[in-house]
Every structure is written in structure tokens, then in C-alpha cells.
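Structure at a glance
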Amino acid sequence: MELSGARVLVAGATGALGGAITAELADRGARVALAGRDRGRLAHTARAYPSAPTAGFDAYDPGSCARAVHEAAAALQGLDVVVAFGPVAFGAAEEIGDEVAEHLMAVNHLAPAAFFRAALGILRRGSAIAAVTGVVAERPQPRMADYSASKAALAAWLDAVRREARSAGVAVLEIRPGHLDTGIATRPVAGTAPPLPEGGDPRHVAGAVADALEAGAELLRSGPDKSPVVERRAR
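The structure contained in this document is the topic of the report that follows. No experiment lies behind these values; they were computed from the predicted model shown. (Residues numbered from 1 in each chain as written. Predicted model: local features only at pLDDT ≥ 70, side-chain atom pairs only at ≥ 80, totals over all residues. Heavy atoms only, no water.)

Structural notes on unusual backbone geometry
- Unusually for a residue other than glycine, Q77 sits at a positive phi of about 60°.
- Judged by relative accessible area, which is 68%, Q77 ranks as exposed.
- Even without glycine at this site, R143 takes up a positive phi of about 65°.
- On the secondary structure map, R143 appears in the loop between β5 (128-132) and α5 (145-165). (Buried < 20%, exposed > 50% of the residue type's maximum accessible area, 1.4 Å probe, protein only. Helix = DSSP H or I, 4+ residues; strand = E, 2+ residues; numbered from the N terminus.)

Next up, the structure:
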């Protein structure tokens, strides 16, 4: 994929990693559209991209996610990439209430899937969808059971859709970084973060995401030294 001139919707552009990826893609010449749940933060983020279309959505309303995709496609006259994100929560399984568990599944799995489901009807050969799951999708962590489960659900969905979309020439990129210094651990939807190691630089991951999209890769993970590793095929 050539990112210069590519039309990209970032769902979650108001977050630290989403903002870093948006900036990296824009720096490489992509035409970005921004989607977010918080209209105030979305308007603030959009100031850095005066020509970028914006769309709000509600993670509990899959129809609003689909509308954001169609609005972005209409404004940009098509889409080449859709990227999506989600929040974190902490706490032992018996401490996390059913409402928080439902929220995590809605925001981390069902909402991104709704974005991508709508996008798959628009994207053409050479396009891509990309989602951040995280290392918890493959190695669930104690005191993060429901968060891990929501990310693992999205990872399983991406794996199946990847095999469906290959024949259409649409790439499916799973972004599976380790802990990053995004501040997300200080803003969980529930609980308190356990002691965490020093996080990686989200800008390094953003650069690797752009590289992975250009290469048509299927997986971006952290190496033993925490540096991003781009893999052509997911595993």
C-alpha cells in the first residue's frame, strides 16, 4: 500500500496511540478522517488536521459505528484503511461488575467489529483494516480477565475475517504491542493498575504500524527488547 494519498479513518484518534498513528499516517501523506466517542476531545484533536472530516460514535450503538465509516467514505470519496482502538480495566474477576465486563466487550470487540464490518463493504483490493489488541490477547493476565477476554475476542474475529478477506485483496493487521507509555493505565474504566514496567514509546509503534500497512503485513508485535516487529503473516 502507498500511504501517500491513502484515505484513512482512525476510530479512537483522540487517544495517545491513536493520535500518534494519525500523526504518522498524515506525515506520510495520508488523508485522515477522525472518529471519537468524546465530541470535545474529537474537536480538539481535529484542530491539527483542518481538512480532516470527523464523526462521533457510541460504542453501544453499532449503527453509529457504521455511520461513521460511511460518513468518512463519503467525505474522502472512498476509504483505504480503517484503524480502531479500545480502553483497559483492572481488577480480580470477582471484583469486576457485569456492567464493566459488558462495557469492555462492547468497546473492545463489538464496536471495532462494527466499524470493520461496515468498512469491508467499501474497501477495495489493496486496502486494509487494523486493530490494536495487545499482548493480553495471546497471554491473558491476572486481574485483567475481562479486558483480556475482550481483546482475545477481537483477535479471534480478526483471524477469521483475515482468511475471508484475503481473496478480496483486503489486508487485516493485528497490532499486538506490549505495555506502552500512553497513560491509559492511569485512566482505566475500572480498578487500579498494578505495578507496570516502563512503557514503550507509542511513536515507535505508530511508525511500525505505518510500515506494516505499507508492507501488507498481518501482525505487529513486540520483540524481546520491546521494539516493534512487523510480520508478514499472523501466527
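Now, onward.
Things to note about the nonpolar core
- Counting 35 residues, the largest nonpolar core has L9, V69, L79, F115, F116 and L158 as the members making the most contacts within it.
- Broken down by secondary-structure element, the contributors of at least two residues to this core are β1 (7-11), β2 (31-36), α3 (62-76), β4 (81-84), α4 (98-120), β5 and α5.
- Top element by residues in this core is α4. It accounts for eight residues.
- Excluding residues within four positions of it along the chain, F116 makes contact with V82, A84, I129, A130, A131, W157 and L158. (Core = buried A, V, L, I, M, F, W, Y, C linked by side-chain atoms within 4.5 Å. Contact = heavy atoms within 4.5 Å.)

Considering the layout of surface pockets
- Here the second largest pocket defines a volume of roughly 230 Å³.
- In terms of lining, the second largest pocket is formed by 17 residues, of which the most central are G169, V170, A171, G216 and R232.
- Within the residue set of the lining of the second largest pocket, elements represented by two or more residues are β6 (171-176) and α6 (202-215).
- The biggest single contributor to the lining of the second largest pocket is α6, with three residues.
- Per-class residue counts for the lining of the second largest pocket are seven nonpolar, four polar and six charged. (1 Å grid on protein atoms, 1.4 Å probe; cavity = no way out; pocket = protein on both sides within 12 Å on 5 of 7 lines; lining within 4 Å. Points joined across faces, edges and corners; volume = space filled by probe spheres on them. Nonpolar A, V, L, I, M, F, W, Y, C, P; charged D, E, K, R; others polar.)

Here's the deal with the pattern of salt bridges
- According to the stated counting rule, one finds 14 salt bridges in the structure shown.
- For the salt bridge of D211 with R28, the shortest nitrogen-to-oxygen distance reads 2.9 Å. On the criterion of sequence distance, the pair formed by D211 in helix α6 and R28 in the loop between α1 (16-27) and β2 is long-range, its members being 183 residues apart.
- D211 sits in the partly exposed class, given a relative accessible area of 38%. (Salt bridge = Lys/Arg side-chain N within 4 Å of Asp/Glu carboxyl O.)

Some words on the environment of V107
- Within the secondary structure layout, V107 lies in helix α4.
- Its relative accessible area of 5% is what places V107 among the buried residues.
- A sequence separation of 49 residues divides V107 from D58, and the C-alpha atoms of the two residues are 9.0 Å apart.

Brief notes about empty space enclosed by the protein
- With the rule as written, the count across this model stands at one cavity of 30 Å³ or more.
- Each pocket or cavity is described by its volume, and for the largest cavity that value is around 30 Å³.
- Considering the residues around the largest cavity, the lining is formed by A128, A171, L173, A212, L213, G216 and A217.
- Those elements giving two or more residues to the lining of the largest cavity turn out to be β6 and α6.
- A per-class count over the lining of the largest cavity returns six nonpolar, one polar and no charged.

Details of the pairing of β2
- For β2, a buried count of five out of six residues is recorded, marking the element as mostly surrounded by other parts of the structure.
- Where β1 meets β2, five bridges bridge the pair, whose relative direction is parallel. Opposite R7, over in β2, you have R31 as the bridge partner.
- Read from β1 through α1 to β2, the crossover connection turns out right-handed. (Pairing = 2+ DSSP bridges. Right-handed = clockwise from strand over helix to strand, strands pointing away.)

Concerning the packing of aromatic side chains
- Counted under the stated rule, the structure contains two aromatic pairs.
- Taking the centre distance of 4.9 Å and the plane angle of 85° together, the rings of F57 and F115 count as edge-to-face. Here F115 lies in helix α4 and F57 lies in the loop between β3 (54-56) and α3, a separation of 58 residues in the sequence. Exposure class is identical for F57 and F115. Each is buried.
- Pairing F116 with W157 gives two aromatic rings, centres 6.3 Å apart and planes at 25°, and the pair type is stacked. With a gap of 41 residues between them, F116 in helix α4 and W157 in helix α5 connect regions that are remote in the sequence. (Phe/Tyr/Trp six-rings, centres within 6.5 Å; stacked < 30°, edge-to-face > 60°.)

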